[in-house]
Amino acid sequence: MKTIISRRTLVRIISFSAAIIAVLAAADIVYMCRLSRAESSIEYGYQEAVEELAQSADKISATLTKGLYASSPQMMQKLSSELLSEASNAKNALTKLPVATSNLEKTEKFLSQIGNYAYAMSATAADGTTPSYEDYQTMSALCDNAEAFAGELWSLKSKLLSNDKTITELFSELEDGGESFLADGLSTVEEGFENTPKLIYDGPFSDHILEKTSEMLENAEEVTEDEAREIAASYCGLEAYRMKTAEYSEEGTMPSYRFTSNGVTCSVTKNGGYVCYMLKRQEVKTSNLDAEEAVEAAQTYLENLGIEDMTETYYETYNGVCTVNFAYSEDGVTCYTDLIKVAVALDDSEIIGYDARGFLMNHVERELGEPTFSETECQSKLSPMLTVIDSGMAVIPSDSVEEKLCYEYRCQSTDGKTVLVYVNTETGEEEDILILLETEGSVLTV
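These remarks concern the structure in this document. Quantities reported herein were computed from a predicted structural model and do not represent experimental measurements. (Residues numbered from 1 in each chain as written. Predicted model: local features only at pLDDT ≥ 70, side-chain atom pairs only at ≥ 80, totals over all residues. Heavy atoms only, no water.)

Some remarks on the packing of aromatic side chains
What counts here: Each Phe, Tyr or Trp ring, with Trp reduced to its six-membered ring, pairs with another whose centre is within 6.5 Å; inter-plane angles below 30 degrees give stacked pairs, above 60 give edge-to-face pairs, and intermediate values give tilted ones. Charge over a ring is defined by NZ of Lys or CZ of Arg lying within 6 Å of the ring centre and within 35 degrees of the ring normal.
Using the criterion set out here, one finds seven aromatic pairs in the structure. Among the aromatic residues, ring-to-ring pairing joins Tyr-235, Tyr-301 and Tyr-354 into one connected group. One cation-aromatic arrangement involves Lys-270 over Tyr-257; the distance from NZ or CZ to the ring centre is 5.3 Å. Seen from the ring of Phe-373, Lys-381 lies directly overhead, with NZ or CZ sitting 4.7 Å from the centre.

What follows is the structure, encoded as structure tokens:
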């Protein structure tokens, strides 16, 4: 006996089937989207791990180099702590990569040696013992290895990002014994540790400049939004009505009004009505000025604003823009806390950036006092691997954000590096060591 299906029933069956298929298809799309997002997240995590590893290697190299120029137990203890932290960060980044430990056995061993060496140096420094000649030799060898390690990692990261395959696929092929640039790169990294000894920036101090309450602003009279608008307009060379109030003002330790106009942004402090910063959105396609001309243009700009006693310290050129750091100078003492940055377009010397937050946050009337130790006494304590080529006095912040008066020694190392050493005038102890990096168009420190 045949079963007869009515037209209405057939339509319902088809409709229900289509609905089920649609639901399953939608579920499949949702699942695939989630899977894609998960894979993207994993891939990003691997890329981030490679970069973290390279950055830690850079910092390990810089810290070891500073150790070559340290002479006091206190400074060695500080650098040992930094070294231990970076070695730990590097090992943590290494564990995030999808590669067997056996393939990077020497790399992991090197990072462990760094950590062990840091512990040993810290313990020695705690006893008040100064580094020996053998210690300097060990640091020098480890420094060379760390520098080469960082270079190989950055090269590897560049190749990973430019390759058509994902990092996941490349590491999977490596685990299966495949030959690729990744295998060659990791092999090169490993070979770099064959001779490991057995037991190894906007201007300086910029991380500290915005971490306290400004005395300069705290005692200043408050200005209205309209008054601030007039100040911003005058500063940017525009009519006040063109300066539109931004969607939000800035609060925090430096409350300010923000105004915008045709690619220009200007921030004015609510207390005192000081221009906090100014930015112009401008594409620079050519470079007609060199760094010296840009520094001169920035200096002239500050002078035209009536800002005096600012000394150019460091500068960096990037994408056709030279950013110059100025520090306040008081009776021959450079105050690295009181910073102003000026960005100069290298095509037409236009000022496209101004940042006075460091100056506004830290500038005060200072009573520097008389040094307890003389410049000669402090110089005699410097590392024997350094030759002093110039010296002066400077105010720098400490880790606790307190200011310290130091002798600033510009030195030449035995391997040709320019090193800045800061020695506390009151205690006679090293406070900081910076390595000067001089490249075409830039002078920075690490």
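Overview of the pattern of salt bridges
Applied cut-off: Salt bridges are counted wherever a side-chain nitrogen of Lys or Arg sits within 4 Å of a carboxyl oxygen of Asp or Glu. Only runs of H or I of at least four residues qualify as helices and only runs of E of at least two qualify as strands under DSSP, and these elements are numbered from the N terminus. Whether a residue is buried, partly exposed or exposed follows from its accessible area with a 1.4 Å probe, protein chains only, as a fraction of its type maximum: under 20%, in between, or over 50%, in that order.
Following the criterion strictly, the structure yields nine salt bridges and no others. With a closest N to O distance of 3.7 Å, Asp-226 and Arg-229 form a salt bridge. Of this pair, Asp-226 and Arg-229 both sit in helix 8 (residues 225-236), three residues apart, which is roughly one turn of that helix. A relative accessible area of 16% places Arg-229 in the buried class. Linking Arg-242 and Glu-239 is a salt bridge whose minimum nitrogen-to-oxygen distance equals 2.9 Å. Looking at Arg-242, the relative accessible area reads 36%, which means it is partly exposed. Given a relative accessible area of 40%, Glu-239 falls into the partly exposed group. Each of the salt bridges in this network shares a partner with another, and the network as a whole consists of Glu-225, Asp-226 and Arg-229.

As for the nonpolar core
How we decide: What makes a nonpolar core is a set of buried Ala, Val, Leu, Ile, Met, Phe, Trp, Tyr and Cys residues whose side-chain atoms join them at distances within 4.5 Å. Every residue pair with non-hydrogen atoms within 4.5 Å of one another is taken to be in contact.
Core analysis: the largest hydrophobic core is formed by 60 residues, its most contacted members being Leu-302, Ile-340, Val-342, Tyr-354 and Tyr-422. If we ignore the near neighbours within four places in the chain, the residues touching Val-342 are Ala-298, Tyr-301, Leu-302, Cys-322, Thr-323, Val-324, Phe-326, Ile-351, Gly-353 and Tyr-354.

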